[in-house]
2 protein chains.
Amino acid sequence: MTAILNNSSTPPALIFSALGDDTRLELIQRLLDGTPKSVSYLTQGFNISRQAIRKHLNHLEKAGIIRPTKVGREQLFQIQIETIESSSKYLAEISSQWDVHLNNLTEILEDETVDR
Amino acid sequence: MTAILNNSSTPPALIFSALGDDTRLELIQRLLDGTPKSVSYLTQGFNISRQAIRKHLNHLEKAGIIRPTKVGREQLFQIQIETIESSSKYLAEISSQWDVHLNNLTEILEDETVDR
DNA sequence: TTATTGCGCAACCTTTTGGTTGCCTTATTA
DNA sequence: TAATAAGGCAACCAAAAGGTTGCGCAATAA
């Protein structure tokens, strides 16, 4: 499922940097139910100011992790899941590269113990 | 494959934060061939100082992404792939949660268009 | 129409981050 | 043994991050 449009691929470091903060990870969790939410609404439950939350949302937006929609005087944010997925793929790629070389090392070790 | 021991699970935000820098991502790439590498060796090719690289390595180490081994006067670093994998799982979990709610929304829309 | 609510902008502050340089110690190796 | 290569430690610096408060404006509710 998922993935429809979006091909704007933010650089991995920028995405990870945006994910590298507890407040922002919590904001993402709260947005996961799929319904777009306003800045004020998202501020509830945190004990930091609306402006602080706004700055975190800016980070997430610049990284392409969330997307704003203006509705009246409110600005509603929703998850842009493709961005999360692209960073997920980046990590999967790292793991698979590691496995390749790990397999090579294992083969070498086996060759040695068989004493060829 | 992969995963043997390690259960020290670094908090996700700390891991992502460590991944959120181009220099550190590049260091990880260079360590992916599986052979442990020293600070001086890893410094080659970057045009920043050894101490700067050392600080980046500290970040990665604190996040549990790399692991040092002391050999003579050298300190060799290698990837701790389980940490990467744990953050990868975190992202996969986000994607799957998103899909769940997206499916729910789709069902609602279908119900509406069928006009029940 | 008058409050009130949602937000944006900007100034300001402190801590963290990403770098630097200088100097000292400890293994190597010539 | 003397020179050299690998690194640790610490001081220092500028810029970025994560907050705050104050204020003004536009949309909504009384």
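Look a little higher up for the structure.
Residues numbered from 1 in each chain as written. Chains lettered and ligands numbered in written order. Predicted model: local features only at pLDDT ≥ 70, side-chain atom pairs only at ≥ 80, totals over all residues. Heavy atoms only, no water.

Just checking my understanding: could you explain the overall build of chain A for this structure?
A tally of regular secondary structure across chain A gives five helices and three strands. Mapped in sequence order, the helices and strands of chain A form the string α-α-β-α-α-β-β-α. In chain A, which comprises 116 residues, the share counted as buried stands at 41%. Taking the intrachain contacts of chain A between residues at least 6 apart in sequence as the baseline, contacts between residues at least 24 apart amount to 51%. With an accessible surface of roughly 6800 Å², chain A has 51% of that area assigned to carbon and sulfur atoms. (Helix = DSSP H or I, 4+ residues; strand = E, 2+ residues; numbered from the N terminus. Buried < 20%, exposed > 50% of the residue type's maximum accessible area, 1.4 Å probe, protein only. Contact = heavy atoms within 4.5 Å. Areas by Shrake-Rupley, 256 points an atom, 1.4 Å probe, with all protein chains shown as cover.)

Help me understand the interface of chain B and chain A in this model?
With 35 residues of chain B at the interface, the matching set in chain A holds 35 residues. Taken over both partners, the interface formed by chain B and chain A buries close to 3100 Å², and the fraction arising from carbon and sulfur atoms is 69%. Taken together, the links from chain B to chain A amount to two residue pairs in polar contact (both at pLDDT 80 or more). At the level of secondary structure, the elements contributing two or more residues to the side of chain B that touches chain A comprise helix H1 (12–19), helix H2 (22–31) and helix H5 (81–113) of chain B. (Buried area = accessible area lost by both parts, 1.4 Å probe. Polar contact = N/O pair within 3.5 Å; in protein donor to acceptor, adjacent residues only side chain to side chain.)

Honestly, the protein's contact with DNA strand D in this entry has me stumped. Any pointers?
Lining the immediate environment of DNA strand D, one finds 20 residues, of which Ser49, Lys55 and His56 of chain A together with Ser40 and Arg73 of chain B sit closest. Here DNA strand D approaches the protein such that, of its atoms within 4 Å, sugar and phosphate make up 60%. For DNA strand D, a phosphate oxygen lies 2.4 Å from a polar atom in the side chain of His56 of chain A. Here a phosphate oxygen of DNA strand D sits 2.6 Å away from a polar atom, N or O, in the side chain of Gln75 of chain B. Mapped by element, the contributors of at least two residues to the surface near DNA strand D are helix H4 (50–62) of chain A together with helix H3 (39–43), helix H4 (50–62) and strand S3 (74–79) of chain B. It is H4 of chain A that provides the largest number of residues to the surface near DNA strand D, a total of five residues. Taken together, the residues that form the surface near DNA strand D break down as three nonpolar, nine polar and eight charged. (Near = heavy atom within 4 Å. Nonpolar A, V, L, I, M, F, W, Y, C, P; charged D, E, K, R; others polar.)

For this particular structure, what's the right way to read the packing of helix H1 (residues 12–19) of chain A against H1 of chain B?
Helices that pack against each other are described as a pair by the angle of their axes relative to one another and the distance between those axes. Close contact between H1 of chain A and H1 of chain B brings their axes to 7 Å; oriented N to C, the two are set at 150°. Relative to H1 of chain B, H1 of chain A is oriented roughly antiparallel. Helix-helix and strand crossings are classified by hand; for H1 of chain A and H1 of chain B the assignment is left-handed. Residue-level inspection shows Ala13, Phe16, Ser17 and Leu19 of chain A of H1 of chain A in contact with H1 of chain B, the latter providing Ala13, Phe16, Ser17 and Leu19 of chain B. Residue composition of the contact of H1 of chain A with H1 of chain B, by class: six nonpolar, two polar and no charged. (Axes fitted to C-alpha atoms, helices over the stretch in contact; angles between N-to-C directions. Parallel < 35°, antiparallel > 145°, perpendicular 65-115°, else oblique. Left-handed = near helix turned anticlockwise from the far one by under 90°.)

Can you walk me through the packing of helix H2 (residues 22–31) of chain A against H4 of chain A in this structure?
Residue and element names in this part refer to chain A. In contact at an axis separation of 10 Å, H2 and H4 are set at 75° when each is read in the N-to-C sense. Between H2 and H4, the interaxial angle falls into the category roughly perpendicular. Residue-level inspection shows Thr23, Arg24, Leu27 and Ile28 of H2 in contact with H4, the latter providing Ile53, His56, Leu57, His59 and Leu60.

For this particular structure, what's the right way to read the relation of the copies chain B and chain A?
Copies of the same chain, two in number, are related to each other by a rotation about an axis and a translation along it. Mapping chain B onto chain A calls for a rotation angle of 180° and an axial translation of 0.0 Å; the resulting RMSD is 0.0 Å. Those values place the two copies in the arrangement expected of a two-fold rotation axis. Both copies share a contact surface, since 100% of the interface residues of chain B are interface residues in chain A too. (Least-squares fit on C-alpha atoms with pLDDT ≥ 70 in both.)

From the geometry alone we can't say anything about function, so treat these as descriptive.
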